[in-house]
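Summary of structural features
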Amino acid sequence: MLFRSQRAVTTNIGSNNPLSTVSFVVSTNAGTNSAAGSLGKMITLRQQNVARLGDDSSQPAGSQPMTFQFSSTVATDTTPIRLTQELPEITTAFTIDGSRRYQNGTTSSGTSTPPLIDGSRITTTRSGRLVMDGDLVSGLVVSGAGANGTIIRNVNIGGFSRSATSGGTTQQSAAIDVRDAAGVLVSNVTLGLSELGVRLANGVGVRFTGAGTTSGTLLNSSIFGSNDSGLVVEGGAGGVRVVGSTFGKADVFKDRKSTRLNSSHLVISYAVFCLKKK
């Protein structure tokens, strides 16, 4: 009987020019991880790429500069990325910045509407099986020490609203789910609204969980349309800071304004909670 061993797949996309940068560009709104140019495909390729200069194996991995960008024609204010498959986990630190737009060989920043990632139509998991009752499907999942220092900024995320109950406890999917990763920055994101500005619910807006999750920051963000909580800090997570962020929106139907902070290590500086009048 023949047994095949599985090995991690890596690529070495780059050049011999130490001054050049390798850019991974999301160039299509396609919703699967296998589609060329899709968000899921680019996340996978970016993490698999060792990016050594030239073909010199003695060069350290990552010695070639890399960026992650969105095409100027993708995920505009009228054409969101409507996912049909759960995105790959982010296990290698890099920056996803929706304001970095690529067009005709040049990159612009801060000149277009942030891309909207819509998870309301996901039917398959990242492994390729059908999503079943009881499956939690979160949006951008940052997981493990290898992802320490990941940055997520200038994106809109909604539609991750699945929940599962086990042993009397209900768990919620999250738009951004940080698991045992330290120093993660979530900045200038808008969660829970569609491209039309109406409610596109997430179970939880942002969740920090796990003892390895330290020094996380939620900065200048707007968390709307949460079925459970806008922010959750739990499972031993600590050192999380909330700065300049807003939770809740008065004109969003059934908008939950609450936060669930199961941690004694949280600093809140200038956060606005839009509470309902009783």
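The structure under discussion appears in the preceding block.
Given the structure is predicted, the values throughout are model-derived calculations rather than measurements.

**Some points on the overall build of the chain**
Counting its regular elements, the chain contains one helix and 22 strands. For the chain, with 278 residues in total, the buried portion stands at 47%. Approximately 13,200 Å² of the chain is accessible, and the part contributed by carbon and sulfur atoms is 50%.

**Regarding the side chain of threonine 125**
Residue placement: threonine 125 occurs in the loop between β7 (116-118) and β8 (140-143). Threonine 125 gets classed as buried once you look at its relative accessible area, which sits at 6%. When neighbours within four sequence positions are excluded, threonine 125 is seen to be in contact with Gln85, Glu86, Leu130, Val131 and Asp135.

**With respect to the side chain of asparagine 202**
Relative to the helices and strands, asparagine 202 resides in strand β16 (residues 202-209). Within the local environment of asparagine 202, its side chain forms a polar contact with the backbone nitrogen of phenylalanine 160, the two atoms lying 3.0 Å apart. Those residues within four positions of asparagine 202 in sequence are excluded, and the remaining contacts are Ile157, Gly158, Gly159, Phe160, Ser161, Ala175, Leu191, Gly192, Gly225, Ser226 and Asn227.

**Side note on the packing of aromatic side chains**
Throughout the structure, instances matching the rule amount to two aromatic pairs. Look at phenylalanine 68 and phenylalanine 70: their rings are 6.1 Å apart centre to centre, the planes differ by 80 degrees, and that puts the pair in the edge-to-face class. Accessibility expressed as a relative area gives 2% for phenylalanine 68, which makes it buried. Seen from their ring centres, phenylalanine 68 and phenylalanine 94 are 5.3 Å apart, and the 45 degrees between their planes marks the pair as tilted. One end of the pair, phenylalanine 68, is in strand β2 (residues 66-71); the other, phenylalanine 94, is in the loop between β3 (81-82) and β4 (95-97), with 26 residues separating them in the sequence. Grouped by ring-pair contacts, the aromatic residues Phe68, Phe70 and Phe94 constitute a single cluster.

What counts and how
All chains use their own residue numbering, which begins from 1 and follows the written sequence. Where local features are concerned, this predicted model is filtered to residues with pLDDT of at least 70; where side-chain atom pairs are given and counted, the filter is 80 or more; whole-chain, interface and lining totals use all residues. Computation of side-chain values: all heavy atoms of the structure, hydrogens and water removed. Helix and strand definitions here come from DSSP, where helices need a minimum of 4 consecutive H or I residues and strands a minimum of 2 consecutive E residues; each element is numbered from the N-terminal end. Each residue is placed in one exposure class: buried if its accessible area under a 1.4 Å probe, protein chains only, is under 20% of its type's maximum, exposed if it is over 50%, and partly exposed if it falls in between. With residues, only the protein chains shown are counted as cover, and all accessible areas are computed by Shrake-Rupley using a 1.4 Å probe. For this analysis, residues touch if any pair of their heavy atoms sits within 4.5 Å. What qualifies as a polar contact is a pair of N or O atoms within 3.5 Å, subject to a donor-acceptor requirement within protein and to the restriction that residues adjacent in sequence count only when both atoms come from side chains. Between the rings of Phe, Tyr and Trp (Trp by its six-membered ring), a pair exists once the centres lie within 6.5 Å; its type follows the angle of the planes, with under 30 degrees stacked, over 60 edge-to-face, and the other angles tilted.

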